[in-house]
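# Secondary and tertiary structure notes
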Amino acid sequence: MNYENIILEKESYLATLYINRPKALNALNKDTLTEIRAAILDIAEDKAIKAVIITGSGDKAFVAGADIAYMQPLSAAEGREFSDYGEKTLRMIELLEKPVIAVIKGFALGGGCELAMACDIRLAADNALFGQPEVGLGVIPGFGGTQRLPRLVGEGRAKELTFTGATINAAEAYRIGLVNHVYPVEEVMDAAIKLAAKIAGTASLAVGFAKHAIDKGMQADLDTAMSIESDMFGMCCSTADQKEGMGAFLEKRKPVFRGL
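Report on the accompanying structure. Note that the structure is a prediction, hence the values are computed from the model and not measured. (Residues numbered from 1 in each chain as written. Predicted model: local features only at pLDDT ≥ 70, side-chain atom pairs only at ≥ 80, totals over all residues. Heavy atoms only, no water.)

## Comments concerning the packing of aromatic side chains
Summed over the entire model, instances satisfying the criterion amount to two aromatic pairs. Through pairs of rings, three or more aromatic residues link up here, namely Tyr70, Phe82 and Phe143. Sitting over the face of the ring of tyrosine 85, lysine 30 holds its NZ or CZ atom 4.8 Å from the ring centroid. A cation over a ring is seen here: arginine 37 above tyrosine 85, with NZ or CZ 3.8 Å from the ring centre. (Phe/Tyr/Trp six-rings, centres within 6.5 Å; stacked < 30°, edge-to-face > 60°. Lys NZ or Arg CZ within 6 Å of the ring centre and 35° of its normal.)

As structure tokens, this is what we get:
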């Protein structure tokens with residue numbers, strides 16, 4: 001697929017996906033969501049890729065939101081369809097078996113905040129701004145924000161941010177648990193690349209099983225979640241990487257994982 005709104009780069013074990021609509025501050029319209037879907041499918045099928053970074057082109061915006069000019073004329077039925085399309089697109093990121101790191105510079109508002117929350121780990125630049133300002137436009141978050149935000153920061157904080165449409169800076173986002181780390185703008189991408197390299201040096205199948213166990217377990221009661229964990233642990237024990245990892249430990253050498 002030829003991309004017009006995103007850039008997908010691959011180097012060794014790492015895929016980097018840039019939302020690339022700088023004139024619109026990387027806002028998400030349906031065409032951009034369609035291209036993100038295609039990129040995620042491409043990454044999922046590429047066995048060489050062990051980690052993914054999602055970011056926005058430039059330093060001004062990760063994603064400033066969904067495209068308001070696109071949404072303004074939508075009917076109720078069209079609005080529901082657009083929300084559903086966006087939700088399912090971001091869900092593809094969550095369900096990807098490979099870990100996804102968001103690198104957030106500048107605005108991460110509305111759909112941008114929702115895109116960041118769909119990633120596994122969020123690294124923010126110190127100029128990042130977060131918020132769900134949709135109520136000021138007469139709508140609610142429509143790409144999963146009403147569900148992911150309370151799971152990340154708690155119901156009370158999520159309701160306050162959503163009901164007021166307030167914007168918070170990177171330091172506050174870190175304080176409430178919305179992001180994992182905050183770095184100077186010029187350092188945040190390097191930090192993400194180093195983190196991706198550390199993840200890629202572990203057993204990729206085990207990382208995928210761990211992601212599945214955490215994500216599915218968070219949606220279940222504790223007993224069910226523990227059963228999911230046991231299932232995934234058992235799956236690990238069926239892999240060559242588990243034999244290699246434990247064998248290397250016993251032999252006091254560095255493991256060589258092959259994703260098998």
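## Let's talk about the nonpolar core
By size, the foremost hydrophobic cluster in this structure holds 46 residues, and its most contacted members are Ile54, Phe62, Ile93, Phe130 and Leu178. Beyond its immediate sequence surroundings of up to four residues, leucine 178 is in contact with Cys113, Met117, Arg122, Phe130, Leu149, Leu152, Val153, Ile168 and Ala173. (Core = buried A, V, L, I, M, F, W, Y, C linked by side-chain atoms within 4.5 Å. Buried < 20%, exposed > 50% of the residue type's maximum accessible area, 1.4 Å probe, protein only. Contact = heavy atoms within 4.5 Å.)

## A look at the sheet that holds strand S3 (residues 51-56)
Within the open sheet, the six strands sit side by side as S1-S2-S3-S5-S7-S10. Their pairing is mixed. On the outer flanks of this sheet lie strand S1 (6-11) and strand S10 (181-183), each paired with one strand and no other. Within the sheet, the average angular offset between the axes of one strand and its neighbour, ignoring direction, is 20 degrees. Sheet analysis places strand S7 (residues 121-125) next to S10, joined by three bridges and oriented parallel. Bridged to leucine 123 within S10 is histidine 181. (Pairing = 2+ DSSP bridges. Helix = DSSP H or I, 4+ residues; strand = E, 2+ residues; numbered from the N terminus. Axes fitted to C-alpha atoms, helices over the stretch in contact; angles between N-to-C directions.)

## Considering the environment of alanine 124
Note on placement: alanine 124 falls in strand S7. For the pair alanine 124 and proline 184, spaced 60 residues apart in the sequence, the C-alpha separation amounts to 8.5 Å. If near-sequence neighbours (up to four positions away) are discounted, alanine 124 is found in contact with Ile104, Phe130, Ala170, Val179, His181, Val182, Tyr183 and Val188.

## Some points on a nonpolar patch on the surface
Together, Ile68, Leu137 and Val139 make up an exposed nonpolar region whose accessible area comes to about 270 Å². Topologically, isoleucine 68 is positioned in helix H2 (residues 68-71). (Patch = residues over 30% accessible without salt bridge, like charges linked within 9 Å, V, L, I, M, F, W, Y side chains within 5 Å. Areas by Shrake-Rupley, 256 points an atom, 1.4 Å probe, with all protein chains shown as cover. Salt bridge = Lys/Arg side-chain N within 4 Å of Asp/Glu carboxyl O.)

## A short note on helix H9 (residues 204-217)
Compared with an ideal rise of 1.5 Å per residue, which puts 14 residues at 20 Å, H9 spans 20 Å between its outermost C-alpha atoms and is within 8% of the ideal. Residues of H9 that are buried include every one of Gly208, Phe209, Lys211, Ala213 and Gly217, and no others. Those residues of H9 that are buried are in contact with helix H3 (76-95), strand S5 (100-104) and helix H10 (222-236). (Expected span 1.5 Å × (residues − 1).)

## Considering the pairing of S3
Of all six residues making up S3, six are buried, and the element is well covered by its neighbours. The side-chain alternation of S3 yields two buried faces, one formed by Ala51, Ile53 and Thr55 and the other by Val52, Ile54 and Gly56. In the classification by handedness, the crossover that spans strand S2 (residues 14-19), the intervening helix H1 (residues 30-45) and the parallel S3 is right-handed. Note that S3 and S5 share four bridges and pair parallel. By the bridge assignment for S5, threonine 55 is matched with valine 103. (Right-handed = clockwise from strand over helix to strand, strands pointing away.)

## Examining unusual backbone geometry
A positive phi is found at leucine 25, a non-glycine position, where the angle reads about 50 degrees. Following the sequence through the fold, leucine 25 ends up in the loop between S2 and H1. Since its relative accessible area comes to 31%, leucine 25 is described here as partly exposed. With a phi close to 65 degrees, asparagine 26 is a non-glycine residue in the positive phi region. Within the secondary structure, asparagine 26 sits in the loop between S2 and H1. For asparagine 26, a relative accessible area of 1% puts it in the buried group.

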